[in-house]
Amino acid sequence: MTKSDISVDVLVIGAGPTGLGAGKRLHQLDGPSWMIIDSNETPGGLASTDITPEGFLYDVGGHVIFSHYKYFDDCIHEALPKEDDWYTHQRVSYVRCKEQWVPYPFQNNISMLPKKEQVDCIDGMIDAAMEARVSNTKPKNFDEWIVRMMGVGIADLFMRPYNFKVWAVPTTKMQCQWLGERVAAPDIKTVTKNVIMNKTAGNWGPNATFRFPAHGGTGAIWIAVADTIPKEKTIFGSHGTVKKVDADAKVVTLEDGKTISYEKLISTMAVDALVEKMGDQSLISLSKDLFYSSTHVIGVGIRGERPERIGDKCWLYFPEPDSPFYRATIFSNYSPNNQPASSKKLPTMQLASGEKPLTSSPREGPYWSIMLEVSESSMKPVDNANMLRDCIKGLVSTEMLRPNDEIVSTYHRRFDHGYPTPTLEREGVLKQLLPKLQEKDIYSRGRFGSWRYEVGNQDHSFMLGVEAADHIVNGAAELTLNYPDFVNGRVNHERRLVDGAQFFKSKKGIRDEGKPLKPNGVETNGEAKASSGHARKASKRVSVSGK
């Protein structure tokens, strides 16, 4: 057998949140040898940030930081520890419907709709409530779930058209086990009361409060996390591009011909791409039943003060056909550094109406920006060539922009794998595919590695990598992968970046200097808090219990 150029116990493919989570935990456990490889020079994967030549930042879709895990919080805090590294926001979110801005969640705020639509929605909710009292079967798909939970009125007005715009497949072709905490069930009494009193319901959901980096967009988080792991254990850029995965020989061949042998492989690339690299025809055939949509991210930079009608809105939903996008994010509201300084002089590219400006000479700001998302699939084709034009028209038709607004910067990027769709076939595929890979010592994890959207946020993705590493080293259960509803329904504090053994080790150092251990062993001084999280080398197994 030919000797590989590099040999490690655990190889991690991909330096997005999942791969970095695996690397972070492997670094902390300080047991097996490991390495992360990625074809991009900059870590972050689908949580990266682009910057336009004019100086406007755009994330790869709408990302915000909120968390179900203390370990994730620890790692993010270690990477960006200063208070001024972050802005904290209260979510201000609306649905554009019947020329009204209806507060999110839509189903709790139909009091903002015209009277006819209010009646249709309440009629449907009453019918759904009466049906639920006598029904003894579970919904067979997402569409049945919507009608069962909310009624036909809300289904036709919002849920069906909006979800088709997002997922690029009809709701009848999607299963409903993925929902969990993502969709609020309406309380018919509260909704009716709010309609009569003309009131709106308050914020709901796990991201009602969220954080965003002050500088560099979401991508800055993952660049900072990557900086906390040893550079010598990473290969980023063209030299880190995977050409072939030989699962039998346990060797990965890179594009430049270099080979890396491994004992265990944590792959965060899309699982359909992984099995292609493996050349395993049975797994390739199995993966064909996994469905995904592509995402187009469009950015529009505008000269002028942020309009009052936009205010402090965060993200907005668009179920109706007067715009190609399903979501708009007022990206300039997340951080003042997401757009150029007011003093920067930029020429006007065009007016929002599509007309040419009176002058093209560069002028100062201020500036603000909007980020849009459009889905695409075989069931929902798009006009790629005219998408930017059509999106700007949609911004005007939904009153996000005025026809004479000056556009100074545009951005358009297509991401082939945008959303892993929870179709009716998904679970049948994953229950075969993931175990077959694991039998070959390949742990396919992440937003598209494990293909479970319900645990596809940044915190989930990071922890999928952490838990895969822990399973390999310690045999620990992978709760996020296997029990999404469990991890989404609680604060998960079982792991911490400074574990129990390390905590007492650092305290021993304090005592050796003649300083007493503080009562209860709860507080740590600055030195202990700054611990990188290395476990004792004497024991390769590290407890995953919290402090």
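Rules used throughout
Position numbers for residues start from 1 in each chain and track the written sequence from start to end. In keeping with the predicted nature of the model, local features appear solely for residues at pLDDT of at least 70, side-chain atom pairs appear and are counted solely at 80 or more, and the whole-chain, interface and lining totals rest on all residues. Side-chain metrics in this entry use all non-hydrogen atoms of the structure; hydrogen atoms and water are not considered. Helix and strand assignments come from DSSP, with helices taken as H or I runs of at least 4 residues and strands as E runs of at least 2, each series counted from the N terminus. Burial here depends on accessible area, computed with a 1.4 Å probe over protein chains only, as a share of the maximum for the residue type. Under 20% is buried, over 50% is exposed, and the range in between is partly exposed. By definition, residues are in contact when any of their heavy atoms lie within 4.5 Å. Note on areas: Shrake-Rupley, 1.4 Å probe, and residue coverage restricted to the protein chains presented here. At least two DSSP bridges between two strands are required for those strands to pair. A helix is expected to reach a length of 1.5 Å times the quantity of its residues less one. Among the buried residues, those of types Ala, Val, Leu, Ile, Met, Phe, Trp, Tyr and Cys that are joined through side-chain atoms within 4.5 Å form a nonpolar core. Between N-to-C directions, angles span 0 to 180 degrees; the directions come from axes that are lines fitted to C-alpha atoms, helices contributing only their stretch in contact. With respect to orientation, any angle under 35 degrees is reported as roughly parallel, any angle over 145 as roughly antiparallel, any angle of 65 to 115 as roughly perpendicular, and every other angle as oblique. Definitions for this section: a left-handed crossing has its near helix turned counterclockwise from the far helix by less than a right angle. A right-handed crossing has that turn clockwise. In the scheme used here, Gly and all other residues not listed as nonpolar or charged are polar, with Ala, Val, Leu, Ile, Met, Phe, Trp, Tyr, Cys and Pro taken as nonpolar and Asp, Glu, Lys and Arg as charged. Here the term right-handed applies to a crossover when the path leading from its first strand over the helix to its second strand runs clockwise, the strands being oriented away from the viewer. Positive charge is attributed to Lys and Arg, negative charge to Asp and Glu, and no charge count is given to His or to the chain ends. Salt bridge criterion: a side-chain nitrogen from Lys or Arg within 4 Å of a carboxyl oxygen from Asp or Glu. Note on ring pairs: Phe, Tyr and Trp rings are taken, using the six-membered ring of Trp, and paired if centres are within 6.5 Å. Classes follow the plane angle, with under 30 degrees stacked, over 60 edge-to-face and the rest tilted.

1. Some remarks on the overall build of the protein chain
When its secondary structure is counted, the protein chain shows 15 helices and 21 strands. For the protein chain, with 547 residues in total, the buried portion stands at 55%. For the protein chain, restricting intrachain contacts to residue pairs at least 6 apart in sequence, the fraction spanning at least 24 positions comes to 76%. Carbon and sulfur atoms provide 51% of the accessible area of the protein chain, an area that totals close to 24000 Å².

2. Describing the sheet that holds strand S16 (residues 315-317)
An order of S8-S7-S16-S17-S19-S15-S20-S18 is seen for the eight strands of this open sheet, with the pairing classed as mixed. Each having just a single partner strand, strand S8 (100-103) and strand S18 (350-351) make up the two edges of the open sheet. The pairing of strand S17 (residues 327-329) with strand S19 (residues 367-376) spans three bridges and is antiparallel. Paired with alanine 328 across the strands is leucine 372, a residue of S19.

3. Re helix H10 (residues 426-439)
Its 14 residues give H10 an end-to-end C-alpha distance of 20 Å, which sits within 8% of 20 Å, the value for a rise of 1.5 Å per residue. Residues of H10 that are buried sit in contact with helix H7 (271-278), helix H8 (281-287), strand S21 (442-444) and helix H12 (479-482). The first or second residue beyond H10 is aspartate 441, which carries a positive phi of 65°.

4. Overview of the nonpolar core
The biggest cluster of nonpolar side chains holds 53 residues, and the ones touching the most others in it are Phe106, Ile110, Leu113, Ile154, Trp167 and Tyr334. If you tally residues by element for this core, the top one is helix H4 (residues 142-167), at 12 residues. For tryptophan 167, the contacting residues outside a window of four places in its chain are Met174, Trp178, Ser293, Tyr419, Pro420, Thr421, Pro422 and Tyr453. The next biggest cluster of nonpolar side chains, apart from the first, holds 37 residues, and it includes Val12, Ile36, Tyr69 and Val225.

5. Description of the environment of glutamate 263
In this structure, glutamate 263 sits in the loop between strand S13 (259-261) and strand S14 (264-267). Among the residues examined, glutamate 263 registers a relative accessible area of 46% and is labelled partly exposed. When the C-alpha positions of glutamate 263 and aspartate 441 are compared, they lie 7.3 Å apart, and in sequence the two are 178 residues distant. In contact with glutamate 263, not counting residues within four places along its chain, are Val8, Asp9, Lys250 and Asp441.

6. Looking at the sheet that holds strand S11 (residues 242-246)
If you trace the four strands from one edge of the open sheet to the other, you get S1-S13-S12-S11, paired in mixed fashion. Each of the sheet's edge strands pairs with one partner strand only, and the pair in question is strand S1 (6-7) and S11. Note that S1 and S13 share two bridges and pair parallel. Residue pairing for S13: serine 7 is matched across the bridge by serine 261.

7. Quick notes on the packing of helix H3 (residues 115-134) against helix H5 (residues 188-197)
Where H3 meets H5, the closest approach of the two axes is 11 Å, and the angle between their N-to-C directions is 160°. One finds that H3 runs roughly antiparallel with respect to H5. The hand of the H3/H5 crossing is left-handed. The segment H3 lies against H5, with Gln118, Ile122, Met125 and Ile126 engaging Ile188, Val191, Thr192 and Val195. Class assignment of the residues belonging to the contact of H3 with H5 gives a composition of six nonpolar, two polar and no charged.

8. Some details on the pairing of strand S2 (residues 10-13)
Residues of S2 alternate between two faces, with Val10 and Val12 on one and Leu11 and Ile13 on the opposite face, all of them buried. Sheet topology note: the S2/strand S3 (residues 34-38) ladder contains four bridges and is parallel. Counted as the bridge partner of valine 10 is tryptophan 34 from S3. Traced from S2 through helix H1 (residues 17-29) to S3, the parallel crossover comes out right-handed. Across four bridges, S2 lies against S14 in parallel orientation. Across the sheet, the residue bridging to valine 12 is isoleucine 266, located in S14.

9. Looking at the side chain of glutamate 117
By the secondary structure assignment, glutamate 117 is in helix H3. The buried charged residue glutamate 117 lacks any salt bridge partner; its closest oppositely charged side chain belongs to lysine 98, at an N-O distance of 4.1 Å. Setting aside residues up to four positions removed in sequence, glutamate 117 forms contacts with Lys98 and Leu157.

10. Some details on the packing of aromatic side chains
What the rule picks out here adds up to 27 aromatic pairs. Between phenylalanine 56 and tyrosine 367, the ring centres sit 6.0 Å apart and the planes meet at 80°, which makes this aromatic pair edge-to-face. Taken as a pair, phenylalanine 56 in the loop between strand S4 (49-51) and strand S5 (57-59) and tyrosine 367 in strand S19 lie far apart in primary sequence, 311 residues in all. Here phenylalanine 56 falls in the buried class, since its relative accessible area comes to 0%. Judged by its relative accessible area of 7%, tyrosine 367 is buried. Pairing phenylalanine 331 with tyrosine 334 gives two aromatic rings, centres 5.7 Å apart and planes at 55°, and the pair type is tilted. What makes phenylalanine 331 buried here is its relative accessible area of 0%. The rings of Tyr104, Phe106, Phe158, Tyr162, Trp167, Tyr317, Tyr326, Tyr419 and Tyr453 are connected pair by pair, giving a single aromatic cluster.

11. A look at H3
Here H3 is 20 residues long and its end C-alpha atoms lie 29 Å apart, about the 28 Å a rise of 1.5 Å per residue gives. On its buried side, H3 packs onto H4 and H5.

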